[in-house]
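Listed here are the chains, written in short residue letters.
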Amino acid sequence: MTAIVRSMAVAAAVLMVPLASCATPQSGAEDHHEPESTAGGVESLGGEENAAYLDDLYSRAVDAGQTTITVYGITATSSASLYEAFMKRYPDLTVDHVTIFGAELQQRIASEQATGQFAVDNLSVSGSDAVYVADQGFVAEQKPPLAPKLPETYRPVGDRLFGGNTYLYTVSYNTDLVPAEDAPKSFDDLLDPKWAGKIGMPDPNAGANGFVFAAVKAGVIDESWLEKFKATNPVILPSERDVFTAVSTGQVELGLGNYVRGQAFLETDGLPVGFVADFTDGVSDGVFYRGTAANAPNPLASDLLTAWWLTPEAQTLIAAQGQPGLMPGAPPVPGQPPLSEIKINKGPAFDAYAAYTKEGQDTFRRVFN
């Protein structure tokens, strides 16, 4: 059983299904498959109390007919191995990830809440999407036993969103074209004439590059660096994803502000991409939050997914995909130092995200226009 990643068109069709067909529980289920035996003991699920909590949620979800978890978010690919592990452990549940984010995600959720045609169960969101669903009250409260161990900065709205992992953004490079020892390690290195016309970056007119603007806000570089970088004629691409694709295909040699994909991700398709995790001027980060949507059709199953995301089992899988987990004791990404030893130019506080984003957009548009 594998997670299903649907297109936007298919996702839109969900809203056309009558409410009763997607939300009415099939109560009174006579039996269900037991959770898979815990590999590594109950400690892999966070201890006996949390393992019992998860098992109880699973039983109640199946008995209520809540067997499909519809996730809205942008992390379908990087979360695929976790969804597979989750469904193996809880064999009567299916995770259905709809790739949607930004204005489309916000409009979709607002429409569901306004019309009562509820489809989304679980949210995997960051940045403006996380702030939006929290501010609008579109995410429900839950109390996973492991949540109090999560630092408060990763629970910015209490028991509604839980920052289980973060993404690190840095310089990427094509390993067939650039030896690791030659990859730029600082912002000054990126200005070297040998890289002129060989660096891809997301469209600066569509928004700020978080990796670069975090360095601006930290005082590492200033607008004069942006002017100098503009003069190197970077290759402008629509999005971070397009930059990563351009690096992996050799269209460009370097990518500015790609998030670190783990070896498990890269090896799936044999992609020749490396990341400068030890960028001396500091990488940037972006916390991804999970939570259950308000009025979710399958809240018990969704709560189970969110609670499991905080377990040592899930945190280890997250690291294997290249994203550091944020629970205390989470393992480092293979081949990288622990998160505490990586220099990070931190982004804004959760409640300051909107102002920070506007400042970044204004800065990039001012320079690149």
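Located above this text is the structure these notes cover.
Computed from a predicted structure; not experimentally measured.

Peer 1: How should I be thinking about the environment of Val62 in this particular structure?
Peer 2: Locating Val62 in the fold gives a position in helix α3 (residues 48–63). As a C-alpha pair, Val62 and Ile100 span 38 residues in sequence and 27 Å in three-dimensional space.

Peer 1: Would you take a moment to explain the nonpolar core for this structure?
Peer 2: Generally speaking, nonpolar side chains in soluble globular proteins are found buried as a group. Residues Phe187, Leu190, Val212, Trp225, Leu256 and Phe279 are the most contacted members of the largest nonpolar core, which totals 41 residues. Among the elements that make up this core, the one with the highest residue count is helix α8 (residues 210–217) (six residues). Core analysis: the next-biggest nonpolar cluster, separate from the first, contains 29 residues, Val133, Ala134, Ala147 and Leu161 among them.

Peer 1: Would you explain the packing of aromatic side chains in this entry?
Peer 2: Think of a pair of aromatic rings as described by two things: how far the centres are apart, and how the planes are tilted against each other in angle. In total, this model carries 19 aromatic pairs according to the counting rule given. Ring centres of Tyr167 and Tyr259 lie 4.7 Å apart, and the angle between their planes is 75°; on these two criteria the pair is classed as edge-to-face. Taken as a pair, Tyr167 in strand β5 (residues 162–174) and Tyr259 in strand β8 (residues 254–259) lie far apart in primary sequence, 92 residues in all. Owing to a relative accessible area of 13%, Tyr259 belongs among the buried residues under this scheme. When the centroid spacing of 6.5 Å and the interplanar angle of 0° are considered together, the rings of Phe244 and Phe275 count as stacked. Separated by 31 residues along the polypeptide, Phe244 in helix α10 (residues 240–249) and Phe275 in strand β9 (residues 273–275) bring together distant segments of the chain. Taking the relative accessible area as the measure of exposure, Phe244 reaches 7% and is therefore buried. Residue Phe275 is classed as buried on the basis of its relative accessible area of 14%. Chaining the aromatic ring pairs together yields one cluster made of Tyr58, Tyr83, Phe86, Tyr90, Trp308 and Trp309.

Peer 1: What is the right way to look at the side chain of Gln321 in this model?
Peer 2: Looking at where Gln321 falls in the secondary structure, it is placed in the loop between α13 (312–320) and α14 (353–368). Dropping the residues within four chain positions of it, Gln321 is found in contact with Thr77, Ser78, Ser81, Leu82, Val260, Arg261, Gly262, Ala264 and Phe265.

Peer 1: When you look at the pairing of β8 in this model, what are you seeing that I'm missing?
Peer 2: Regular strands show a simple pattern: their side chains alternate between the two faces of the sheet. Within β8, six of the six residues are buried, which leaves it mostly tucked inside the rest of the structure. The pairing of β5 with β8 spans five bridges and is classified as antiparallel. Counted as the bridge partner of Thr170 is Asn258 from β8. Bridge count for strand β6 (residues 199–202) against β8 is two bridges, and the pairing is parallel. Counted as the bridge partner of Ile199 is Leu254 from β8.

Peer 1: Could you clarify how one ought to interpret unusual backbone geometry in this entry?
Peer 2: Most peptide bonds take the trans configuration, and most residues that are not glycine carry a negative phi. In the Ramachandran plot, Asn233 falls in the positive-phi region, its phi being about 60° despite a non-glycine side chain. Structurally, Asn233 can be placed in the loop between α9 (223–230) and β7 (235–237). Residue Asn233 is classed as exposed on the basis of its relative accessible area of 56%.

Rules used in this analysis
- Residues numbered from 1 in each chain as written.
- Predicted model: local features only at pLDDT ≥ 70, side-chain atom pairs only at ≥ 80, totals over all residues.
- Heavy atoms only, no water.
- Helix = DSSP H or I, 4+ residues; strand = E, 2+ residues; numbered from the N terminus.
- Core = buried A, V, L, I, M, F, W, Y, C linked by side-chain atoms within 4.5 Å.
- Buried < 20%, exposed > 50% of the residue type's maximum accessible area, 1.4 Å probe, protein only.
- Phe/Tyr/Trp six-rings, centres within 6.5 Å; stacked < 30°, edge-to-face > 60°.
- Contact = heavy atoms within 4.5 Å.
- Pairing = 2+ DSSP bridges.

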